[in-house]
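The lines below spell out each chain.
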Amino acid sequence: MSADAPLDFAIPDEMPVLPLREFVVFPYMVLPLFISRERSIAAIEDALAGDRLVLLAAQRNAELENPDPDDLHNIGTVAMVMRILRMPDGRVKALVQGLAKARIETFVENDPAMWAQVTGIPPDPDEDWCVEAEALMRTVRTRVEELLPLKNLPPEVLSITANVHEPGRLADLVASNLKLRMSEAQEVLEVIDPIARLRKVDALLRRELDVSTMQAEIQSQAKEEITRGQREHYLREQLRAIQSELGEVDQRVEELVEYRDKIEEASLPAEAYEESMRQLGRLERMHPDGPEAQVVRSYLEWVTDLPWARTSPDRLDLVNARAILDQDHAHLDGIKERILEFLGVRKLREDSRGSILCFTGPPGVGKTSLGRSIARAMGREFVRISLGGVRDEAEVRGHRRTYVGAMPGRIIQGLKSAGTRNPVFVLDEIDKLGADYRGDPSSALLEVLDPEQNCRFSDHYLNVPFDLSSVFFIATANMIDRVPGPLRDRMEVIRVPGYTPEEKVEITKSYLIPRQLEESGLPQDRIRWSEPAVRSIITDYTFEAGVRELERQVGSICRKAARRAAEGDTKSVRVDRRTLDKYLGPPRHASEVPLETPEVGVCNGLAWTEAGGDVLRVEAASTRGSGLVLTGQLGDVMKESGQTALTWVRSKLEEYGLDESLFVRREVHVHVPAGAIPKDGPSAGVTMATALASLATGIAVRSDVAMTGEVTLRGRVLAVGGVREKALAALRSGITTMVLPEKNMIDLREVPAELARKIEFIPVTHMDDVLDAVLERPPVARRRGGSRRTPTRATRAAATAKSRN
């Protein structure tokens, strides 16, 4: 509240000081003070004993109980003590009226009260009317009127502000009623210029108006939400009462009973049962339409739908299982034997654990379809998930239920779709897993594929262990080297090799042609296939280790025949080598043809690719310059093999009676054609060393020989991989002699016997053996004491005969 202008008075030089710690008193302000501190009571008593004047100064820190002079602001308000009332508890209630502002100059020793020398601040001058002052006062009055209902200000404030025409007094009046923080109120009090003070008060009014408006909106929204919720609750209670009177069942109660029955029927383990009942209790206490209730419903649906105890009985008839496997896939005898072994163990011991196999091999050889055949042979459900491109660990372990749209991982989803806890579960393309900031899925699979851990697999969504020990896991991969070591160690790796041309002919006749005729709607005798045509499709129109592209070519011919039949031509179609160009166009793949005549610096190498084996022709030449140039898009390992081969040939120049500086003065260029195809690996070391040795000695390399093997600086030939595919590639290209490391001779058991008889295999342990076998004539070496004996043609023939036996 405020008072009229005080009568004229003189501010004494010294007066008692009363510290304030809750608010700031402005001139023209009348208010009661409750005083409890002894020094403050003494200051009031000193004022009453004198001219009733006291200086009210605000504390800098309101927490101080006994402030020192430095703890007070130096500008305060001189007030008159109008009357006091002593309270029963020892406190004093004093009614004071602010008169004017004063500045503390220094403090005076005068116990027990605090006294100070003060200087009065002149009152606001009577200024003439100006536009800025009038505009500011009108704005402040308007803002006070807008703020009145929001801040619950006294109604008389409007009438008082309307009758105040001095800017400074209006600023003090509004500031005293705004309930400002002490620091802000003190800042207003210390502004001497009345226009500046009113401008500051206007800024504070504008801020308070924004805050109060936003607060009112929030309270209004909260009130509306509460009102709506109370109304819905009231209506639902009424509906429940009406349904009870009519004898109808409450849908919510019916839902809870249904979930409870599902939990009892699901045969859950103890941990899963306890968690499900706990979530059901939460659902019972929740509002049925709340978002959290939907999360709990989704969780209960997943838990009760999972096959915790449901299993499909194994079909343990080994003869029937073998018949099913043979019916679906030709050859692949090693894999079929492994499946029959598992069934045999299962027949003798029913509680045996599920196997974890990994089929690795080129695309199109039937790795994924093998899983489906295994499931059919065992009488189990089949589940397949593709892991290619998966980078999020949650895809395997699931998302935690705190996330919106959370779901279990793909393992649990697959088991739900299977409906049993012992399906054949194919993890397709496991070598194409990725990793990023969301985690490493391959690490999450360690628990899934570990027989010692997967009996308590933990999915983040379920948050209870699930037993995966009965699942028959089968992983597939094209490149087993890309699978992390710890994950590869948990699986039994079974290599699925590519098919030979003879095997492809059998598969085409027995599987592909009947299936494509059926899919095209043609009778089985509509198309007559000649065996040379089938072989031509395999060799000239496809280049793969599997049969995927081969089936597409067969399907293309069947579709053309189906079109003719649809147009009314019912004649049978004959497919032979002469008509292939009509149906499939010109041949698309031509095998590497051996050179008709041997050449210096040119030899045939063998390589392994994802599509099987291939023949690589390596060429070497020398020009003016120095150094080694390797071209043909070679990888780092292959480049190192070329450097190793060159070093070995240089070390043999003196032995061959050649100038040791032969390759120092000239640049050596080694090129591997098909430069657009990346190549890498150490198995081309023997081939490059042979090409360089031929270039150095000037002796041509036999064109009917292909070779493979890794070479060392000492000329030793080391074993390599992919011997079966390389042998088939050599045979496909018309090459009948193959040089390979002696330690790889054991791998020839994988080559079909009828094909192995068509190739002469020459085992070698050293580069000298290689040169003796592949050069047109052996290089003439200088004889030295204790030198190595050069093998003769007879020696090689004996070794060849031994390898055949």
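The following paragraphs examine the structure supplied in this document. (Residues numbered from 1 in each chain as written. Predicted model: local features only at pLDDT ≥ 70, side-chain atom pairs only at ≥ 80, totals over all residues. Heavy atoms only, no water.)

1. Here's the deal with the packing of aromatic side chains
As enumerated under the stated definition, the model contains four aromatic pairs in all. Relative to Y461, the ring of Y299 lies with its centre 6.0 Å away and its plane at 50°, an arrangement referred to as tilted. With a gap of 162 residues between them, Y299 in helix α9 (residues 291-305) and Y461 in the loop between β10 (457-458) and β11 (465-466) connect regions that are remote in the sequence. Residues Y299 and Y461 agree in their burial class; the two are buried. Centre to centre, the rings of F342 and F472 are 4.8 Å apart; their planes meet at 55°, and the pair counts as tilted. You can see F342 sitting in helix α11 (residues 333-348) and its partner F472 sitting in strand β12 (residues 472-477), a full 130 residues away along the chain. When sorted by exposure, F342 lands in the same class as F472, which is buried. (Phe/Tyr/Trp six-rings, centres within 6.5 Å; stacked < 30°, edge-to-face > 60°. Helix = DSSP H or I, 4+ residues; strand = E, 2+ residues; numbered from the N terminus. Buried < 20%, exposed > 50% of the residue type's maximum accessible area, 1.4 Å probe, protein only.)

2. Observations concerning the pairing of strand β19 (residues 666-671)
As paired elements, strand β18 (residues 628-631) and β19 share four bridges and run parallel to each other. Looking across to β19, one finds that V629 is bridged to H669. Regarding the hand of the β-α-β motif, the stretch spanning β18, helix α21 (residues 636-652) and β19 is left-handed. (Pairing = 2+ DSSP bridges. Right-handed = clockwise from strand over helix to strand, strands pointing away.)

3. Considering the nonpolar core
In this structure, L427 and I430 are the most contacted members of the largest nonpolar core, which totals 51 residues. When residues no more than four places from it in sequence are discounted, the contact partners of L427 are I385, L387, I411, L445, L449, F473, I474, A475 and T476. Residues L357, V426, I507 and Y583 belong to the second largest nonpolar core, which totals 50 residues. (Core = buried A, V, L, I, M, F, W, Y, C linked by side-chain atoms within 4.5 Å. Contact = heavy atoms within 4.5 Å.)

4. Concerning a negative patch on the surface
Where like charges cluster on the molecular surface, the negative patch consists of E254, E258, D261, E264 and E265. With respect to the helices and strands, E265 occurs in helix α7 (residues 251-265). The exposed category is assigned to E265, whose relative accessible area is 64%. (Patch = residues over 30% accessible without salt bridge, like charges linked within 9 Å, V, L, I, M, F, W, Y side chains within 5 Å. Areas by Shrake-Rupley, 256 points an atom, 1.4 Å probe, with all protein chains shown as cover. Salt bridge = Lys/Arg side-chain N within 4 Å of Asp/Glu carboxyl O. Lys, Arg positive; Asp, Glu negative; His and termini not counted. Charge placed at Lys NZ, Arg CZ, Asp CG, Glu CD.)

5. Concerning the sheet that holds strand β9 (residues 424-428)
In spatial order, the strands read β8-β9-β12-β7-β13; together these five strands make up an open sheet with parallel pairing. Looking at the sheet topology across the chains shown, the edges are occupied by β8 (382-386) and β13 (492-495). Ignoring strand direction, the axes of neighbouring strands in this sheet form an average angle of 20°. Examined bridge by bridge, β9 and β12 share four bridges and lie parallel to one another. In the strand pairing of β12, L427 is matched with A475. On top of the sheet, helix α14 (residues 410-418) reaches β8 and β9; it is set at about 150° to β8, its chief contact. (Axes fitted to C-alpha atoms, helices over the stretch in contact; angles between N-to-C directions.)

6. Topic: the pairing of strand β1 (residues 14-20)
Among the seven residues in β1, six count as buried, and that is most of the element. Where β1 meets strand β6 (residues 114-120), four bridges bridge the pair, whose relative direction is antiparallel. When the bridges of β6 are listed, P16 appears paired with W115. Pairing between β1 and strand β3 (residues 53-58): four bridges, direction parallel. Note on β3: the bridge partner recorded for V17 is L55.

7. Let's talk about α11
Helical geometry note: an α-helix holds 3.6 residues per turn, so side chains three or four residues apart project in the same direction. For α11, spanning 16 residues, the distance from its first C-alpha to its last is 23 Å, which sits close to the expected 22 Å at 1.5 Å a residue. Within the span of α11, buried status applies to I335, K336, R338, I339, L340, F342, L343 and R346. Against α10 (318-328), β7 (356-360), α12 (367-378), β12 and β13 lie the buried residues of α11. (Expected span 1.5 Å × (residues − 1).)

8. Quick look at helix α18 (residues 531-540)
Of the residues making up α18, those classed as buried are A533, V534, S536, I537 and I538. Its buried side turned inward, α18 meets α17 (501-519), β14 (527-529), α19 (548-566), β15 (573-575) and α20 (580-584).

9. Describing the packing of α10 against α11
At a minimum axis distance of 10 Å, the contact between α10 and α11 shows a crossing angle of 155°. Overall, the two elements α10 and α11 adopt an arrangement that is roughly antiparallel. Where α10 crosses over α11, the handedness of that crossing is right-handed. Of α11, the residues touching α10 (which contributes L318, A321, R322, L325 and D326) are D333, K336, E337, I339, L340, L343, G344 and K347. Here the residues of the contact of α10 with α11 are counted per class, giving six nonpolar, one polar and six charged. (Parallel < 35°, antiparallel > 145°, perpendicular 65-115°, else oblique. Left-handed = near helix turned anticlockwise from the far one by under 90°. Nonpolar A, V, L, I, M, F, W, Y, C, P; charged D, E, K, R; others polar.)

10. Some words on the side chain of E184
Looking at the secondary structure, you find E184 in helix α5 (residues 182-190). In terms of polar contacts, E184 uses its side chain to reach the side chain of R181, at 2.6 Å. The contacts of E184, once residues within four sequence positions are left out, are L204 and R207. (Polar contact = N/O pair within 3.5 Å; in protein donor to acceptor, adjacent residues only side chain to side chain.)

11. Here's the deal with the pattern of salt bridges
Evaluated as defined, the whole model comprises 50 salt bridges. With a closest N to O distance of 3.6 Å, K652 and D768 form a salt bridge. Of this pair, K652 sits in helix α21 while D768 sits in helix α25 (residues 767-774); the two residues are 116 residues apart in sequence, bridging distant segments of the chain. A residue is classified by how much of its surface remains accessible, and K652, at 9% relative accessible area, is buried. The shortest N-O distance in the salt bridge between D704 and R702 comes to 3.3 Å. Take D704: its relative accessible area is 30%, and that puts it in the partly exposed class. By relative accessible area, which is 18% here, R702 ends up buried. Members of the salt-bridge network, linked through shared partners, are R322, D326, D333, K336 and E337.

12. Topic: unusual backbone geometry
Even without a glycine there, the phi angle at S267 is positive, about 55°. Within the secondary structure, S267 sits in the loop between α7 and α8 (270-285). You will see that Q633, though not glycine, has its phi angle at about 55°, which is positive.

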